[in-house]
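The residues making up each chain are set out below.
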Amino acid sequence: QVQLVESGGGLVQAGGSLRLSCAASGSIFSINDMGWYRQAPGKQRELVATITRGGSTNYVDSVKGRFTISRDNAKNTVYLQMNSLKAEDTAVYYCHAVGLGATLGYLEIWGQGTLVTVSS
């Protein structure tokens, strides 16, 4: 069984910082793209940032310059450093990964979500 385990969410004041972590475990051959999505109350899930195995990154415009995505391929782990947090960043953040399972079958997995609350 393959799973993504997230950590690092919580309550922070506006202007503060948080760092999210997400580790993939289980029968994995390789993890290619990893990313973070978020879903605010009453809104659709949106892409926040993605990173390829080679380190190429992509961000939604609203977080550019404030959030940084990174990964450790040896640990199958992705991070999201969030600085200068705003009330509108409040959401459940989900980790996402695409790769190949141990038997080389296509693998797409989601984390369980971690709540980030930014108080204004």
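Everything here concerns the structure above.
A brief structural summary. All figures in this text were calculated on a predicted structure; none of them were measured in a lab.

With that settled, consider the pattern of salt bridges. One pass over the structure, following the stated rule, counts 4 salt bridges. The partner of K64 in a salt bridge is D61, and the shortest N-O contact between them spans 2.9 Å. On the basis of relative accessible area, D61 is assigned to the exposed category, the value being 60%.

The strand order 1-3-8-7 describes an open sheet built from 4 strands, whose pairing is antiparallel. The outermost strands of the open sheet, each flanked by one partner alone, are strand 1 (3-7) and strand 7 (67-72). If you compare each strand with its neighbour and ignore which way they point, the axes differ by 15° on average.

In this section: the packing of aromatic side chains. One pass over the full model with this rule turns up 1 aromatic pair. Here the basic side chain of R19 rests over the ring of Y79, its NZ or CZ set 4.1 Å away from the ring centre. The residue whose ring lies beneath R45 is W110, and the NZ or CZ to ring-centre distance is 4.7 Å.

Here we come to the environment of T50. Take T50: it is sitting in strand 5 (residues 46-51). On the basis of relative accessible area, T50 is assigned to the partly exposed category, the value being 22%. Between the C-alpha atom of T50 and that of E88, which follows or precedes it by 38 residues, the distance is 20 Å. If we ignore the near neighbours within four places in the chain, the residues touching T50 are M34, G35, S56, T57, N58 and I69.

Criteria and thresholds
Residues numbered from 1 in each chain as written. Predicted model: local features only at pLDDT ≥ 70, side-chain atom pairs only at ≥ 80, totals over all residues. Heavy atoms only, no water. Salt bridge = Lys/Arg side-chain N within 4 Å of Asp/Glu carboxyl O. Buried < 20%, exposed > 50% of the residue type's maximum accessible area, 1.4 Å probe, protein only. Pairing = 2+ DSSP bridges. Helix = DSSP H or I, 4+ residues; strand = E, 2+ residues; numbered from the N terminus. Axes fitted to C-alpha atoms, helices over the stretch in contact; angles between N-to-C directions. Phe/Tyr/Trp six-rings, centres within 6.5 Å; stacked < 30°, edge-to-face > 60°. Lys NZ or Arg CZ within 6 Å of the ring centre and 35° of its normal. Contact = heavy atoms within 4.5 Å.

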